[in-house]
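# Examining the three-dimensional arrangement
Read off the chains here:
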Amino acid sequence: MEYLQVVPTLGFVSPYFLRAEGGSLVTYSQYLNGSSIIGPAGYFSGIDQMEVVMGAHLRASLLFEFGTFKSKVTGFEVGFLGEIFSREIQLVPLGTKNYNFYPAAFVSILFGSRK
C-alpha cells in the first residue's frame, strides 16, 4: 500500500537564550561578544520573541503487511518525510548554513491484531 500526505504546518521559532553571570539572559551571538555563561536559560525564555513560520509537511511511504492469520498482523513501513518552510530557520546562528527544508527517512515495524 502506498501512502502520500501533504499537510500545511506552522513552525514556532524562538531564540535560544543562555544564562550569563549576574542572572542576565543572552543570545548565542551576544555570548560570542564576551559574556560569561553559567548555563542554559529556562524552557520558556524567549517565548515573547517567538515567530510563526508557514510550512508544509510531506510524507511518502510504502506499507508492507504480513499476516499468517486473519486476527494477527505484522509488517513494516518505509518512507521519507520532509518539512519545508517559507524561509530559512536559524538553528545555529553563526558559522553554518541554515536551511528551509529538513528531510528524514524512517522505518516503522508493526505488530498487532485485527478485529
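## Re the environment of Ser71
Mapped onto the elements of the fold, Ser71 is located in the loop between β5 (51-66) and β6 (72-85). Accessibility expressed as a relative area gives 38% for Ser71, which makes it partly exposed. Separated by 44 residues in sequence, Ser71 and Lys115 place their C-alpha atoms 6.5 Å apart. Contacts of Ser71, omitting those with residues within four sequence positions, involve Gly112, Ser113 and Arg114.

## Some points on the side chain of Asn98
Summarising the element assignment, Asn98 is placed in the loop between β6 and β7 (101-113). Beyond its immediate sequence surroundings of up to four residues, Asn98 is in contact with Glu88, Ile89, Gln90, Leu91 and Val92.

## So, a nonpolar patch on the surface
A cluster of nonpolar side chains, Leu10, Phe12, Tyr43, Phe44, Ile47, Met50, Val52 and Met54, forms an exposed patch at the surface whose accessible area comes to about 980 Å². Take Phe12: it is sitting in strand β1 (residues 2-13).

## A look at the sheet that holds β7
An order of β1-β5-β6-β7 is seen for the four strands of this open sheet, with the pairing classed as antiparallel. One side of each edge strand has no neighbouring strand; the edge strands of this open sheet are β1 and β7. Mean inter-strand twist for the sheet, computed between neighbouring axes without regard to direction, equals 25 degrees. Examined bridge by bridge, β1 and β5 share twelve bridges and lie antiparallel to one another. Bridge pairing links Leu4 to Ala60 in β5.

Basis of the calculations
- Residues numbered from 1 in each chain as written.
- Predicted model: local features only at pLDDT ≥ 70, side-chain atom pairs only at ≥ 80, totals over all residues.
- Heavy atoms only, no water.
- Helix = DSSP H or I, 4+ residues; strand = E, 2+ residues; numbered from the N terminus.
- Buried < 20%, exposed > 50% of the residue type's maximum accessible area, 1.4 Å probe, protein only.
- Contact = heavy atoms within 4.5 Å.
- Patch = residues over 30% accessible without salt bridge, like charges linked within 9 Å, V, L, I, M, F, W, Y side chains within 5 Å.
- Areas by Shrake-Rupley, 256 points an atom, 1.4 Å probe, with all protein chains shown as cover.
- Salt bridge = Lys/Arg side-chain N within 4 Å of Asp/Glu carboxyl O.
- Pairing = 2+ DSSP bridges.
- Axes fitted to C-alpha atoms, helices over the stretch in contact; angles between N-to-C directions.

In short, shape yes, function no, at least from these values alone.
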